[in-house]
Amino acid sequence: RPLLGKLHNRVVRIEHDPALINYVHFYDKRFSRENIHVGFKDYAEVRQAALDLWKMIEHDNIPRALCHLDTRNENFLLHQSGHLILIDWEYSGMGDPLSDIAMHCAFENLSVDESVEMLTMYLQKTPSINEKLRLFINMAFACLWSTQWAVYKEAHGDDLGAYVLNVYRSTKTFCKETYRLLG
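Okay, so let's go over this structure. (Residues numbered from 1 in each chain as written. Predicted model: local features only at pLDDT ≥ 70, side-chain atom pairs only at ≥ 80, totals over all residues. Heavy atoms only, no water.)

### Description of helix H4 (residues 97-107)
Owing to its 3.6 residues per turn, the α-helix brings residues three or four apart onto one side. Where we set the bar: Per-residue accessibility, obtained with a 1.4 Å probe over protein chains only, is compared with the maximum for each type, and a residue is labelled buried under 20%, exposed over 50%, and partly exposed between these values. The way it works is that DSSP assigns letters per residue, a run of H or I at least four long becomes a helix, a run of E at least two long becomes a strand, and they are numbered from the N terminus. Whenever two N or O atoms come within 3.5 Å, that pair is a polar contact, provided that in protein one can donate a hydrogen and the other can accept it, and provided that, for residues adjacent in sequence, both atoms are side-chain atoms.
Counting buried residues along H4, eleven of its eleven residues qualify, which places the element largely inside the surrounding structure. Among the residues making up H4, those that are buried are Pro-97, Leu-98, Ser-99, Asp-100, Ile-101, Ala-102, Met-103, His-104, Cys-105, Ala-106 and Phe-107. Where H4 begins, one side-chain oxygen reaches toward the backbone nitrogen of Leu-98, 2.9 Å away; that side chain belongs to Asp-96.

Laid out in structure tokens, this is it:
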């Protein structure tokens, strides 16, 4: 919480808007251009479910903050002074602060309960239903984008092992959890 909270509470504004949907569309175009197919039989349905969920928050009046969007453990370094340093800023820009929490939860393959616990620690309070919905929608999208990234990397010769399947399953899990919360 301290490092991401400090980042999100800074009065810093930059022009780049890295909305997760832009990254999903980026890979959609690459897949089409390079004739890459995602090998999951229900991918089109799951992708559409995630897109439909994104539309629910896309135009919400969520305060924008500087976000990192690559909050995997490897990008947090412990300086000899005891301070955490966040590296690898290539995806950063203005966005929903919960997208950083969602990306971290997605990268670390956290369960629904673990993700809510992470959100609780970040907010330093029990999250509201709307905050959980924002987290889960951002997670579904983060996992969809990560699935696309992994499929693209594997199509170009990288072996990512079980990562592709794990992150795709997480896409489905967080879509279902969001719909469950919506009733």
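Having put the structure on the table, let's press on.
### Quick look at the packing of aromatic side chains
Rules: Pairing of aromatic rings covers Phe, Tyr and the six-membered ring of Trp, with a centre-to-centre limit of 6.5 Å; geometry is then stacked below 30 degrees between planes, edge-to-face above 60, and tilted otherwise. Criterion for a charge above a ring: Arg CZ or Lys NZ at most 6 Å from the ring centre, at most 35 degrees from the ring normal.
As enumerated under the stated definition, the model contains eleven aromatic pairs in all. For the ring pair Phe-40 and Tyr-168, a centre distance of 3.9 Å and an interplane angle of 5° mean the geometry is stacked. Of this pair, Phe-40 sits in the loop between helix H2 (20-34) and helix H3 (43-57) while Tyr-168 sits in helix H7 (residues 163-182), and the two are 128 residues apart along the sequence. The exposure class of Tyr-168 is buried, given its relative accessible area of 2%. Where Trp-54 meets Phe-141, the ring centres are 4.7 Å apart and the plane angle is 40°; that geometry is what we call tilted. With Trp-54 in helix H3 and Phe-141 in helix H6 (residues 129-155), the pair connects residues that are 87 residues apart, well separated along the chain. Here Trp-54 matches Phe-141 in class, with each residue buried. Taken together through their ring pairs, the aromatic side chains of Phe-26, Tyr-27, Phe-31 and Tyr-152 make up a single cluster. Here the basic side chain of Arg-72 rests over the ring of Phe-107, its NZ or CZ set 3.8 Å away from the ring centre.

### A closer look at a nonpolar patch on the surface
Defined as follows: Like-charged residues are merged into a patch within 9 Å and nonpolar side chains (Val, Leu, Ile, Met, Phe, Trp, Tyr) within 5 Å, provided each residue has over 30% relative accessible area and no salt bridge. All accessible areas in this document rest on Shrake-Rupley with a 1.4 Å probe, and a residue is counted as covered only by the protein chains that are shown. Any Lys or Arg side-chain nitrogen located within 4 Å of an Asp or Glu carboxyl oxygen qualifies as a salt bridge.
Residues Met-56, Tyr-179 and Leu-182 make up a contiguous nonpolar surface patch of about 260 Å² in total accessible area. Position of Tyr-179 among the secondary structure elements: in helix H7.

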